[in-house]
Amino acid sequence: MHSCPSPRHLAKPLQTMNNSYSAMRIFITLLVAMCLRIAPLPEILAPLNPDWVLLVLIYWSLAIPERVGIAHAWCLGILVDVLLGRHFGQNALIYSLIIYACLVWHRQLRQFPVVQQSAFIFLCLLLSQLLLFWFKNVQAAMQISGAFWLPILSGTVLWPFIYQLMRSIRRL
């Protein structure tokens with residue numbers, strides 16, 4: 001007697017295919033974010049360039065925290081350090097700390113409207129900039145200029161659009 005495969009048995013290959021498709025979407029969005037991070041911009045727009053990689057990492061860690069975590073943040077931070085020619089580990093440490101906060105508070109943050117999430121994004125970007133400033137200040141004394149705030153503000157303003165774009169990509 002021949003039995004039909006159970007629906008659970010048929011769902012396994014489909015789930016594996018969805019997981020690999022999801023991993024590919026995560027990889028591609030992070031790759032695009034890295035390209036945006038190093039893209040040459042006109043001199044007037046360069047200070048406005050937010051940390052695209054961090055914004056995309058924050059989105060994925062809030063959307064699917066079981067798939068994107070601290071190890072991903074650390075590895076991507078190392079890659080960004082290499083791309084930007086920074087001291088090895090600066091962005092890795094910053095990304096790891098921020099993604100840790102996202103993972104701790106992801107349930108609460110997902111309940112907030114996107115505009116309220118922007119306040120959290122502001123704090124994350126501010127922490128990132130402050131740590132980068134501190135790393136630079138250890139090497140040579142610096143003062144905070146007006147340009148210090150521009151990537152923080154642009155990333156915060158862009159967050160609702162990034163969120164909607166990433167959400168539509170995730171739902172494809």
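The numbering scheme is per chain: residues are counted from 1 as the chain's sequence reads. Local features are withheld for residues below a pLDDT of 70 in this predicted model, meaning they are given only at 70 or higher, and side-chain atom pairs are given and counted only at 80 or more; totals for whole chains, interfaces and linings count all residues. To obtain the side-chain values, all non-hydrogen atoms of the structure were used and water was disregarded.

**Topic: the environment of Leu-103**
- Runs of E in the DSSP output that reach at least two residues are strands. Runs of H or I that reach at least four are helices, and both are numbered from the N terminus. Structurally, the position occupied by Leu-103 is in helix α4 (residues 90–111).
- A relative accessible area of 22% means that Leu-103 is categorised as partly exposed.
- The sequence separation of Leu-103 and Pro-65 amounts to 38 residues, and the corresponding C-alpha distance is 6.3 Å.
- What makes two residues a contact is simply this: any of their non-hydrogen atoms within 4.5 Å. Ignoring any residue separated from it by four or fewer positions in sequence, one finds Leu-103 in contact with Ser-61, Pro-65, Val-68, Gly-69 and Ile-70. Burial here depends on accessible area, computed with a 1.4 Å probe over protein chains only, as a share of the maximum for the residue type. Under 20% is buried, over 50% is exposed, and the range in between is partly exposed.

**Regarding the packing of helix α2 (residues 52–63) against α4**
- Lines fitted to C-alpha atoms define the axes here, with helix axes fitted over just the stretch in contact, and angles between the N-to-C directions of these axes take values from 0 to 180 degrees. Look at α2 against α4: their axes get within 8 Å of each other, and the N-to-C directions meet at 40 degrees. Between α2 and α4, the interaxial angle falls into the category oblique. Crossing handedness for the pair α2 and α4: right-handed. From α2, Val-53, Leu-54, Leu-57, Ile-58, Ser-61, Leu-62 and Ala-63 reach across to α4, where they touch Tyr-95, Ile-98, Ile-99, Cys-102, Leu-103, His-106, Leu-109 and Arg-110.
- The residue makeup of the contact of α2 with α4, split by class, is 12 nonpolar, two polar and one charged. Angles are sorted into four bins: roughly parallel if under 35 degrees, roughly antiparallel if over 145, roughly perpendicular if 65 to 115, and oblique for all others. By convention the crossing between two helices is left-handed if the near helix lies anticlockwise of the far one by an angle smaller than a right angle, and right-handed if it lies clockwise. Residue polarity follows a fixed list, in which Ala, Val, Leu, Ile, Met, Phe, Trp, Tyr, Cys and Pro are nonpolar, Asp, Glu, Lys and Arg are charged, and the others, Gly among them, are polar.

**Some details on the confidence of the model for the protein chain**
- Values of pLDDT, the confidence the predictor places in each residue, fall between 0 and 100. Scored by pLDDT, the protein chain comes out at a mean of 89, with 90% of its residues at no less than 70.
- Least confident of the elements in the protein chain is helix α1 (residues 7–38), whose mean pLDDT is 76; most confident is α2, at 98.
- Every residue in residues 9–14 is under pLDDT 50, and counting partners more than four places away or in other chains gives one contact.

**Description of the pattern of salt bridges**
- A side-chain nitrogen of Lys or Arg and a carboxyl oxygen of Asp or Glu constitute a salt bridge if their distance falls within 4 Å. This model, assessed by the stated rule, comprises one salt bridge.
- When the shortest N-O distance is used, the salt bridge between Asp-51 and Arg-37 registers 3.4 Å. Residue Asp-51 is found in the loop between α1 and α2, and its partner Arg-37 is found in helix α1; the two are separated by 14 residues along the sequence.

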